[in-house]
Amino acid sequence: MERQYLKRIGDILTGCGLPLHGACSFGELLDSLLFCRAAARLPDKPKTVLTVLFPYRFPDQGPRNLSRYAACLPDYHLAAGEVLAGAVTALREAFPGHRFEPFVDNSPLPEVRAAALSGLGCIGDNGLLIHPVYGSWVFIAAIVTDLDLPLPPAAPPQGCLHCGACAAACPAACLELSGEGRRQSCLSAVTQKKGELTAEERALLQASPLVWGCDRCQEVCPLNRGARIQPHPCFTGYQGLLTERGLEDLAGKAYGWRGRRVLERNLRLQGGPD
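In this text the structure is predicted, and so the values were computed from the model without any measurement.

Visitor: Can you help me understand the pairing of strand β2 (residues 48–55) in this one?
Guide: Successive residues of a regular strand alternate their side chains across the two faces of the sheet. Most of β2 sits out of view: eight of its eight residues are buried. Both faces of β2 are covered, namely the face carrying T48, L50, V52 and F54 and the face carrying V49, T51, L53 and P55. Where strand β1 (residues 21–25) meets β2, five bridges bridge the pair, whose relative direction is antiparallel. Bridging across to β2, G22 finds its partner in T51. Bridge count for β2 against strand β7 (residues 138–145) is eight bridges, and the pairing is antiparallel. Considered in β7, the bridge of L53 is made with I140.

Put into structure tokens, the structure is as follows:
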């Protein structure tokens, strides 16, 4: 009966617009759970994690100063969250008496590891999931349930080619190892930092073509060559260029959560477009 449950769940997820899905045991993630307020929404006895992917890369469309994930419209938290909510409703109706809790980004789960354990790709040296068809241009979401499904033993997540391309291309050298481990600086984090930037951080931002985020490690990854460009239907638009005028309306934008001041600073440092 439980095997029929697994197939039924797969059919429901596909029918709700989530054909890229897999599952892993919640127990496989116990040693790497994250501390956050969203953990309070976990079922009392979580058993299975249903992991789903949302491809997000659009074809290149003219000048761009936003990371590709931030150029998607609407904000992926909203877009993916709405699709995930529909799937959760269908699962709850199909399996009354069991809990299904959705998580998008704000999650106690190590999402990349969960996706890899669910058979959805390998983990790159840049820490991203790399799907065999869509590459690393995917958002990860999850549904945690107390339904105990019969899953095959999880194989250790496979790594990438270890070619060093991402480390060599990283503007902030944050993928290089030092005596104390991996460096913590990251250009994407710099673009999201509030307040004053250090001289090094300002130089990084001024040398980048982007005012929000960073795509370099993904752009040079050989496993992303030939990645299918087919964004999930929940993303209805693409706006890759942020201007001063664009700061007037930050609603529904993935880069809007930090507020206007950070974006104004970044545009000013780069002499951004009007």
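Visitor: What exactly am I supposed to notice about the packing of aromatic side chains here?
Guide: In this description, a pair of aromatic rings is defined by centroid distance and the angle of the planes. Inspection of every chain in the model, using the stated rule, returns 10 aromatic pairs. Seen from their ring centres, Y5 and F95 are 5.2 Å apart, and the 85 degrees between their planes marks the pair as edge-to-face. Of this pair, Y5 sits in helix α1 (residues 2–15) while F95 is found in the loop between α3 (76–94) and β4 (100–104), placing the two residues 90 residues apart along the sequence. A relative accessible area of 26% places Y5 in the partly exposed class. Residue F95 is classed as buried on the basis of its relative accessible area, which comes to 4%. Taken together, a centroid distance of 4.1 Å and an interplanar angle of 10 degrees make the contact between Y76 and F139 stacked. With Y76 in helix α3 and F139 in strand β7, the pair connects residues that are 63 residues apart, well separated along the chain. Judged by its relative accessible area of 8%, F139 falls in the buried class. Ring pairs connect the aromatic residues Y56, Y69, Y76, W137, F139 and F235, which therefore count as one cluster. Positioned above the aromatic ring of F95 is the side chain of R8, whose terminal nitrogen or guanidinium carbon lies 5.3 Å from the ring centre. Over the aromatic face of W137 sits the side chain of R68, whose NZ or CZ is 5.0 Å from the ring centroid.

Parameters at a glance
- Along each chain, the written sequence defines residue order, and numbers are assigned to residues from 1.
- Totals for whole chains, interfaces and linings use every residue, but because this is a predicted model, local features are given only for residues with pLDDT of at least 70 and side-chain atom pairs only at 80 or more, for both listing and counting.
- To obtain the side-chain values, all non-hydrogen atoms of the structure were used and water was disregarded.
- Each residue is placed in one exposure class: buried if its accessible area under a 1.4 Å probe, protein chains only, is under 20% of its type's maximum, exposed if it is over 50%, and partly exposed if it falls in between.
- We count a stretch as a helix when DSSP gives it H or I for four or more residues in a row; a strand needs E for two or more, and each element gets its number in order from the N terminus.
- Note on pairing: DSSP must find at least two bridges between two strands before they are called paired.
- Pairing of aromatic rings covers Phe, Tyr and the six-membered ring of Trp, with a centre-to-centre limit of 6.5 Å; geometry is then stacked below 30 degrees between planes, edge-to-face above 60, and tilted otherwise.
- Here, over-ring charges are defined by two tests on the NZ atom of lysine or the CZ atom of arginine: distance to the ring centre within 6 Å, and angle to the ring normal within 35 degrees.

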